[in-house]
Amino acid sequence: MLEKRYEPKDIEKKWYDFWIENEYFRAEGKSDKPPYCIVIPPPNVTGSLHIGHALDITLQDIMIRWKRMSGSNTLWLPGTDHAGIATQNVVEKDLQKQGTDRHALGREKFIEKVWEWKKLYGGTIINQLKSMGASCDWSRERFTLDEGLSKAVREVFVRLYEEGLIYRGEYLINWCPRCHTALSDLEVEHEEKQGKLYYIKYNFADQDGHITVATTRPETYLGDTAVAVNPEDERYKNLIGKMVRLPIINRDIPIISDEFVDASFGTGAVKVTPAHDPNDFDMGKRHNLPFINLLTGDGKMTEEAGPYKGQDRFECRKNVLKDLEGMGHLEKVTDHAMAIGHCYRCKTIVEPYLSNQWFVKIKPLAEEAMKAVKEGQVKIIPTGWENSYFDWMENIKDWCISRQIWWGHRIPVWYCKECAEVIVSRETPAGCKCGSKELVQDEDVLDTWFSSALWPFSTLGWPEDTDDLKTFYPTSVLITGFDILFFWVARMMMMGLKFMKEEPFRHVYIHALIRDAEGQKMSKSKGNVVDPLKMTELYGTDAFRFTLAAYAAQGRDIKFSEQRVEGYRHFLNKIWNVARFISMNVTEGEAASLSIKVKSLSLADRWILSRLSVVCADINKSLEEYRFNDASSYLYQFIWHELCDWYVELIKPELYGENADSKKAAISTLVHVYEVSLALLHPFMPFITEEIWQQLPCKKNDDSLCIREYPSAAEGIEDKEAEEKLNIVMDAVTAIRNIRGELNLSPSLELQALIKASNNAEATLNENITYIAKLAKAKDIKIGSDIQAPKHAATAIKPAFEIFVPLEGLFDFDAEISRLNKEMSKVEEDIQFVDRKLRNEAFISKAPQAVVEENKNKYNEYMEKLKSIQGNIDKLNQWR
RNA sequence: AGGCGCGUAGCUCAGUGGGAGAGCGCUUCCUUGACACGGAAGAGGUCAGGGGUUCGAUACCCCUCGUGCCUACCA
């Protein structure tokens, strides 16, 4: 006998351990079964589970468990990402607390420290994934800095270099002065902000007068090497070639002309700072201007800044403005909206910074990646994201992959101290071809996303030709949020196609972002995060998972509300109680012999089996299409409203009755339908279903629900006739309940029911009179085509029959007449609506014949109903 | 600045070219032998506004308003 309430806590761990012990999640490297594979989006090793992970994990686990049960050789490959900058930041913070830093430690020691840290805390997120029920194959867990994955990284780097797709050069990149490293364009977050536009006067060097330039970053004037104007700009045409003198530092620079300049913006004259602005960089190249670097790596001014040397960049700005103003060089200041770039890891304002970096020449890779989606090898779901994908790929720029940090894959490039030879190699080289042994490795490491880009094949063993790789590549689907579509998905596409010659996954399912109940993005700083671990603690993992699945409609963000989790906890309680109901009605001895015997099935049995068949098909189809919300809604609807509200109630007379055969049929059907329901539910709520299933008194072919075959429509028996018939019965029950409710009659009061039925309905109702008696709490039910309405009776009119409920003594003429009047005005509206259509000639001639027919039928039906109601009202008025 | 999405019951959201659906909340009644985390019966919506296409539009097209996001080198 089950406990009165479902208590998730102990049960969850018990079953997870059981699954692991029995290796149910273990994939086969070689198998006759069809392969199904998902690689997990590897969470940062520093991370802890947030609600976005929870959604991600839940959806993946649903797909994986569903496919596993459906007979696939299923691999869900888990792992973590070394998260270069983020992890380094965390460990550096630790060091800071101890009053030291990484430079004091030295590179080698520091990296040791990070590994130590990883050993201590890196398992946190993995354990949290397990607590969500994730059915990953943990024997294949990977880490992006593993030996194998590092080998893949080197292989890819060297091959791209050899093909000329990786190069090194001095360019303007995004620099984070706090993290002390270059960032790719993607790692810079732009935020629209109200800023200022400063107008600065530059005097001519050899004549009176000045030209005014506008800038948002006045301190960069120190690095100006020209002023540019548009060649067509009449105002400045005659000034081209003249020199202006920079205030304070008194450097003379030329006025040049360049098409790039927009004459309508600001003053139409642009200061050109080639070392600190991307556009100016291009102009500098075009006009051969000097590049003056004003900044050090940590955002302080260099010697080039003259009197401002050593000042912080923002302090310098203040001082420059003060000085310019003092000397009368600041003409005016206006408000100006602009988007400033911030480091995505630490939110510091980034600087365009001139330095030597490694880049991937990306266009050729992007073209293949676009083609794969255009030609349909890869399907992005929902398709709306394809636009963003193409848009980004088309405008892509070379990818800066070197980072000036220590934690990560060190760039496999060595420089000879003797002859300046550059050696790019898979293996650490012993010496230079010039004979020197004096080699130094490049100091930089690779962008973390470089190794993540290889994840779908590096984790399967590439560059070795492993069984896993042969079996599981391309993987089946990638499930992730849109926030890393470019960071990760796009790059996996490029690398997968490049090195495997095949797309990394057949489908990409992009799910929503979870926001708080007000629609705000969740963030630690806003303090509006929903902690998934708290949810699982409060409501159980299953209820939480089901909530996430129910929320996961395509193409819309999720506004998360805790109330909804509570609602689904009630659903679990309902499921739990059906199990209790079964255990109370099935004795141990009976259990083993249960089977569905078609010939002794009652109408209710046939009906629920038919419904089961339909819902099995619906759920499989929904999952096929990644319609998680539909699947969960089908489950909820079927189990609660059909199985519990109707079927269980319908069979109670049989369970408590004397007829052994029909009792047996009812119990068999109930247990069967419930067992199948548990299987249907299992991918969504693995723990409670396993717990109940293990205790369910019926024959099972498997040791765990998680490997039971996933139900198909064949587990039910489709039977439209039974559905139609039972609908008539349900109609009758509802009609009587409706009278009871609306006339405020006590639920305990037994009502008499007289049913005037058409021939079809008469037989059906007669055969199922006990159902009606029980569910509507009715007695002395009489059914016939010649039933007459008694004097003091409430009436209900349905298409197939009319019901009269005699209410001697309790009868209230006014109440009943007003009920009927309400009903009548509804029907009158209906008639009007259909009539308008039928009188429209265009409708008759142009609408499909079936639609016209349908409306005609409706019209007749409504007219019948109207006649009946009117008749009843007339009688009541006569009698009263 | 461009692009994308959203606006449907009090709240959170499904949905569809042929009379508007769910969950929660609300109202009334009910401790009936699985379940009060329950049962039964209800109330509640010009499907943002305006125009167009159509026999027919909440759905398709255009505009407006509101709202959210992504991309972008306007100094």
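Residues numbered from 1 in each chain as written. Chains lettered and ligands numbered in written order. Predicted model: local features only at pLDDT ≥ 70, side-chain atom pairs only at ≥ 80, totals over all residues. Heavy atoms only, no water.

Caption draft 1: Structural view of the overall build of chain A. From N to C terminus, chain A includes 29 helices and 29 strands. Taken against the 2.2 N^0.38 rule, which gives 29 Å for 880 residues, the C-alpha radius of gyration of chain A at 37 Å runs more than 25% over that of a compact globule. Counting only C-alpha atoms, chain A reaches 115 × 65 × 55 Å along its principal axes. A sequence separation of at least 24 residues applies to 76% of the contacts in chain A between residues at least 6 apart. For chain A, the distance from the average position of its 113 positive side-chain charges to the average position of its 133 negative side-chain charges is 1 Å. (Helix = DSSP H or I, 4+ residues; strand = E, 2+ residues; numbered from the N terminus. Rg over C-alpha atoms; globule rule 2.2 N^0.38 Å. Contact = heavy atoms within 4.5 Å. Lys, Arg positive; Asp, Glu negative; His and termini not counted. Charge placed at Lys NZ, Arg CZ, Asp CG, Glu CD.)

Caption draft 2: Structural detail: the protein's contact with RNA strand B. Residues in close proximity to RNA strand B total 65 residues, the closest being Asp-262, Asn-279, Arg-556, Trp-640 and Asn-738. Restricting attention to atoms of RNA strand B within 4 Å of the protein, one finds that 59% of them are sugar or phosphate atoms. A distance of 2.8 Å separates a base oxygen of RNA strand B from a polar atom in the side chain of Lys-574. With respect to RNA strand B, the side chain of Lys-846 contributes an N or O atom lying 2.7 Å from a phosphate oxygen. For the surface near RNA strand B, the secondary structure elements donating two or more residues are strand S13 (330-343), helix H18 (562-585), helix H21 (628-655), helix H24 (720-742), helix H27 (813-838), helix H28 (841-846) and helix H29 (849-879). (Near = heavy atom within 4 Å. Polar contact = N/O pair within 3.5 Å; in protein donor to acceptor, adjacent residues only side chain to side chain.)

Caption draft 3: Seen up close, empty space enclosed by the protein. Tallied over the entire structure, the rule returns two cavities of 30 Å³ or more. Quantified by volume, the largest cavity comes out at close to 60 Å³. Broken down by secondary-structure element, the contributors of at least two residues to the lining of the largest cavity are strand S28 (793-797) and H29. Ranked by residue count, the leading element in the lining of the largest cavity is H29, at four residues. The residue inventory of the lining of the largest cavity, partitioned by class, reads six nonpolar, two polar and two charged. Space inside the second largest cavity adds up to approximately 50 Å³. (1 Å grid on protein atoms, 1.4 Å probe; cavity = no way out; pocket = protein on both sides within 12 Å on 5 of 7 lines; lining within 4 Å. Points joined across faces, edges and corners; volume = space filled by probe spheres on them. Nonpolar A, V, L, I, M, F, W, Y, C, P; charged D, E, K, R; others polar.)

Caption draft 4: Spatial organisation of the environment of Leu-183. Turning to its location among the elements, Leu-183 is positioned in strand S6 (residues 181-183). The spacing of Leu-183 and Cys-400 is 217 residues in sequence and 7.0 Å in space, taken between C-alpha atoms. Other than its neighbours up to four places away in sequence, Leu-183 contacts Ile-85, Asn-174, Cys-176, Cys-343, Val-350 and Arg-403.

Caption draft 5: Examining the packing of helix H22 (residues 660-681) against helix H23 (residues 686-695) more closely. Two elements in contact, H22 and H23, have axes separated by 9 Å at closest approach and are oriented at 150°. The orientation of H22 relative to H23 falls into the category roughly antiparallel. Judged by the twist between their axes, the crossing of H22 over H23 is left-handed. Side by side, H22 and H23 meet where Tyr-674, Glu-675, Leu-678 and Leu-681 of the first sit next to Thr-689, Ile-692 and Trp-693 of the second. A per-class count over the contact of H22 with H23 returns five nonpolar, one polar and one charged. (Axes fitted to C-alpha atoms, helices over the stretch in contact; angles between N-to-C directions. Parallel < 35°, antiparallel > 145°, perpendicular 65-115°, else oblique. Left-handed = near helix turned anticlockwise from the far one by under 90°.)

Caption draft 6: Inspection of the nonpolar core at higher detail. Counting 225 residues, the largest nonpolar core has Phe-157, Phe-450, Met-495, Phe-560, Tyr-674, Phe-684 and Leu-765 as the members making the most contacts within it. No other element matches the 14 residues that H21 contributes to this core. Not counting chain neighbours up to four residues away, the residues in contact with Leu-765 comprise Ile-728, Val-729, Ala-732, Ile-755, Ala-757, Ile-772, Ile-783 and Phe-801. If you look at the next biggest cluster of nonpolar residues, it comprises 34 residues, including Trp-175, Tyr-202, Ile-211 and Leu-330. (Core = buried A, V, L, I, M, F, W, Y, C linked by side-chain atoms within 4.5 Å. Buried < 20%, exposed > 50% of the residue type's maximum accessible area, 1.4 Å probe, protein only.)

Caption draft 7: Just the pairing of strand S9 (residues 226-229), in detail. By the alternation rule, side chains of S9 split into Ala-226 and Ala-228 and Val-227 and Val-229, which are all buried. Both S9 and strand S12 (residues 269-272) contribute to a ladder of four bridges, which runs antiparallel. Bridge assignment links Val-229 to a residue of S12, and that residue is Ala-269. (Pairing = 2+ DSSP bridges.)

Caption draft 8: A look at unusual backbone geometry. Following Ile-381, the chain continues to Pro-382 via a peptide bond in cis, the omega torsion being -5°. Along the chain, Pro-382 falls in the loop between strand S15 (379-381) and helix H11 (385-394). Here Ala-420, not a glycine, exhibits a phi torsion of approximately 65°, which is positive. Within the fold, Ala-420 resides in the loop between strand S18 (413-416) and strand S19 (422-424). For Ala-420, a relative accessible area of 59% gives the class exposed. Positive phi outside glycine occurs at Lys-777, with the angle close to 50°. Note on placement: Lys-777 falls in the loop between helix H26 (769-776) and strand S27 (778-784).

Caption draft 9: View of the side chain of Thr-212. Positionally, Thr-212 belongs in strand S8 (residues 210-215). One polar contact links Thr-212 to Glu-331, side chain to side chain, over a distance of 2.7 Å. Contacts of Thr-212, omitting those with residues within four sequence positions, involve Tyr-199, Ile-200, Lys-201, Thr-267, Ala-269 and Glu-331.

Caption draft 10: Region of the structure containing the side chain of Ser-355. Relative to the assigned elements, Ser-355 resides in strand S14 (residues 351-360). Excluding its chain neighbours within four sequence positions, the residues that come into contact with Ser-355 are Gly-169, Glu-170, Tyr-171 and Ile-173.

Caption draft 11: Focus on the packing of aromatic side chains. Under the counting rule described, the total for this entry stands at 41 aromatic pairs. Centre to centre, the rings of Tyr-344 and Phe-487 are 5.5 Å apart; their planes meet at 20°, and the pair counts as stacked. Of this pair, Tyr-344 sits in the loop between S13 and S14 while Phe-487 sits in helix H15 (residues 485-500), placing them 143 residues apart in sequence. Its relative accessible area of 14% is what places Tyr-344 among the buried residues. Look at Phe-487 and you get buried, because its relative accessible area is 12%. Ring plane angle 80° and centroid distance 5.1 Å describe the contact between Phe-811 and Phe-813, whose orientation is recorded as edge-to-face. Phe-813 gets classed as buried once you look at its relative accessible area, which sits at 16%. Within the aromatic cluster, the residues linked to one another by ring pairs are Phe-546, Tyr-568, Phe-571, Tyr-636, Trp-640 and Phe-684. Sitting above the plane of the Trp-19 ring, Arg-65 keeps its charged end 4.4 Å from the centroid. (Phe/Tyr/Trp six-rings, centres within 6.5 Å; stacked < 30°, edge-to-face > 60°. Lys NZ or Arg CZ within 6 Å of the ring centre and 35° of its normal.)

Function-wise, these values are silent; they only describe arrangement.
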